[in-house]
Amino acid sequence: MNLKWRIILNILGLLLGLNGLFMLLGIPFSLYYGDGDLLALLVSGGATTAFGAGMWFFTRGDSRGIRKREGYVIVSLGWIVMSLSGCLPYILSGTIPDFAGAFFETLSGYTTTGASVLTDIEAAPKGILFWRSVTHWIGGMGIIVLTIAILPILGIGGMQLFMAESPGPSADKLHPRIQETAKRLWLLYVALTAVETIFLMLGGVSFYESICHAFATVSTGGFSTRNASVAAFGPYVQWVIIGFMFLSGINFTLTFWGLRGKLDKIWKNEEFRYYLGLILIATVVVAAGIVYNQGEFTERAVRDALFQVVAVVTTTGFVTADFTVWSPLITVIFFLLFFTGGSAGSTAGGVKIVRHIIILKNSFLEFRRLIHPNAVVPVRLHKKAVTNTITFNVLAFFMIYLGIFAVGALVMAIILPDVSGMEGSGETWHRFSTAVGASASCIGNVGPGFAGVGPVENYAWIPGGGKLFLAFQMLIGRLELFTVLILFSPSFWRKN
């Protein structure tokens with residue numbers, strides 16, 4: 001079966017055109033603050049829009065539909081070509097002059113990882129930082145979902161794109177038509193962003209910083225406009241961001257039904273109960289550890305514990321404190337949280353809570369199957385039987401995920417420079433901890449890792465090859481493994 005490259009190029013052109021228009025959104029802030037990044041944004045946005053529009057124009061006309069194969073290629077290539085064009089503002093403005101660093105920062109934005117190579121964020125031009133936040137917002141719900149909302153206008157269906165973008169174990173829809181689903185999800189996404197922006201402004205934060213942090217929160221991205229991340233703001237702002245991080249880690253369809261007054265749908269959802277329980281239990285344990293270490297109970301201890309637990313579980317990656325210095329036990333807890341992720345159908349990355357539920361239930365059911373080998377004992381989720389196909393898919397996903405994490409840690413241990421003799425080195429700069437933390441963080445789209453890439457460090461010092469490798473891990477993690485890895489299968493390219 002031959003791929004329909006004309007359709008693939010047509011949609012990639014549309015994506016590039018939209019991406020270029022989004023770049024231009026930083027121009028008002030560039031003009032207002034006068035940081036000298038106007039030309040970089042104009043050239044980058046204009047060139048990307050023109051190239052994308054030309055690509056779309058000369059490949060239009062074939063609307064026979066997108067099959068699964070085209071969907072996988074479009075989604076994977078879409079993120080890559082958008083990142084290649086998206087790094088232009090960084091390079092042209094001189095904010096991140098090297099390609100590896102700029103590509104890393106851009107893909108980190110689109111995949112909502114939040115890992116950064118900027119060593120002095122506050123010194124960067126405001127228009128460029130706004131574009132940096134916009135990449136989060138685009139990637140949060142997925143530029144593909146935005147595109148399929150308008151594809152009917154162009155005579156092209158979008159179900160195949162939606163399934164390639166959201167290959168999880170379930171696909172809840174708000175409306176039987178995929179285009180209407182995309183539109184409603186984006187309306188909810190925009191509404192949450194607007195409401196959080198208003199709440200942050202009520203706390204005395206400027207409109208510019210409010211909207212940048214709202215972009216990063218609702219998308220569970222984590223890019224901040226401050227070197228100290230959210231630690232630079234007061235308790236009110238931190239509590240607001242905690243609330244919106246938590247909401248963004250919930251299946252967006254549940255949030256939609258909740259806003260319509262159907263709260264019973266939320267509590268009846270098994271994944272939501274596990275998600276809430278995990279956050280509460282982890283917060284209590286971490287807060288208890290902080291209180292034990294500091295010798296007194298404070299609101300700050302509870303706030304820091306809850307903030308960092310929610311930030312890691314939802315893979316937002318914002319920071320109010322360095323959780324790696326609280327205690328070895330707490331560090332291990334956060335390492336385990338790196339492998340949880342938010343709910344399926346949210347903007348969070350990671351393994352996703354629903355997969356852990358299925359794995360746990362299937363594991364416990366194995367004891368019953370050993371005792372009653374002839375009994376049919378299916379895994380149940382939301383009181384419905386889960387098919388063996390889904391169970392096997394989840395098990396395969398988890399094994400491949402751990403395999404990629406392990407290989408990533410091994411590769412990074414080889415690539416990372418020897419930091420044993422650096423000033424301030426020692427345990428903080430231990431190569432093993434850094435390699436493991438970087439791999440776990442990037443494939444899980446978390447952002448901060450451990451040691452040399454911990455909450456108060458960044459990825460600037462990692463060699464170019466390491467940055468590109470970690471960027472590839474981000475992409476695999478954001479698209480949930482199979483969408484990207486299937487392209488490396490010989491059977492995918494074999495003609496039927």
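Residues numbered from 1 in each chain as written. Predicted model: local features only at pLDDT ≥ 70, side-chain atom pairs only at ≥ 80, totals over all residues. Heavy atoms only, no water.

1. A short note on the overall build of the chain
Okay, step 1: Looking only at helices and strands, one finds 23 helices and two strands in the chain.
Okay, step 2: Residue burial in the chain is summarised as follows: out of 496 residues, 57% are buried.
Okay, step 3: For the chain, the computed accessible surface area is about 20,300 Å², with 68% contributed by carbon and sulfur atoms. (Helix = DSSP H or I, 4+ residues; strand = E, 2+ residues; numbered from the N terminus. Buried < 20%, exposed > 50% of the residue type's maximum accessible area, 1.4 Å probe, protein only. Areas by Shrake-Rupley, 256 points an atom, 1.4 Å probe, with all protein chains shown as cover.)

2. Description of the side chain of threonine 113
Okay, step 1: If you trace the backbone, threonine 113 turns up in the loop between helix 6 (99-110) and helix 7 (126-141).
Okay, step 2: Residue classification places threonine 113 among the buried residues on the basis of a relative accessible area of 0%.
Okay, step 3: Reaching out from threonine 113, the side chain makes a polar contact with the side chain of asparagine 445 at a distance of 3.0 Å.
Okay, step 4: In this view, threonine 113 contacts Ser108, His136, Gly221, Thr316, Ser441, Cys442, Asn445, Val446, Gly447 and Met474; residues no more than four positions away in its chain are not counted. (Polar contact = N/O pair within 3.5 Å; in protein donor to acceptor, adjacent residues only side chain to side chain. Contact = heavy atoms within 4.5 Å.)

3. Focus on the nonpolar core
Okay, step 1: Core analysis: the biggest nonpolar cluster contains 136 residues, and Trp131, Val286, Phe334 and Tyr459 have the highest contact counts within it.
Okay, step 2: Sort the elements by how many residues they give to this core and helix 16 (residues 299-313) lands first, with nine residues. (Core = buried A, V, L, I, M, F, W, Y, C linked by side-chain atoms within 4.5 Å.)

4. Remarks on the packing of aromatic side chains
Okay, step 1: Within this structure, the stated rule accounts for 33 aromatic pairs.
Okay, step 2: Here a set of aromatic residues connected by ring pairs shows up, and it is made of Phe29, Tyr32, Tyr33, Phe130, Trp137, Trp186, Tyr189, Phe207, Tyr208, Phe215 and Phe252.
Okay, step 3: We note arginine 132 situated over the ring of phenylalanine 223; from NZ or CZ to the ring centre the distance is 3.9 Å.
Okay, step 4: When the ring centre of phenylalanine 397 is taken as origin, the NZ or CZ atom of arginine 355, which lies over that ring, is 3.7 Å away. (Phe/Tyr/Trp six-rings, centres within 6.5 Å; stacked < 30°, edge-to-face > 60°. Lys NZ or Arg CZ within 6 Å of the ring centre and 35° of its normal.)

5. Regarding the environment of tryptophan 493
Okay, step 1: Of note, tryptophan 493 is situated in helix 23 (residues 490-493).
Okay, step 2: Residues tryptophan 493 and asparagine 2 lie 491 residues apart in sequence; the distance between their C-alpha atoms is 8.1 Å.
Okay, step 3: Once you skip the residues sitting within four places of it in the chain, tryptophan 493 turns out to touch Leu3, Trp5, Val73 and Leu487.

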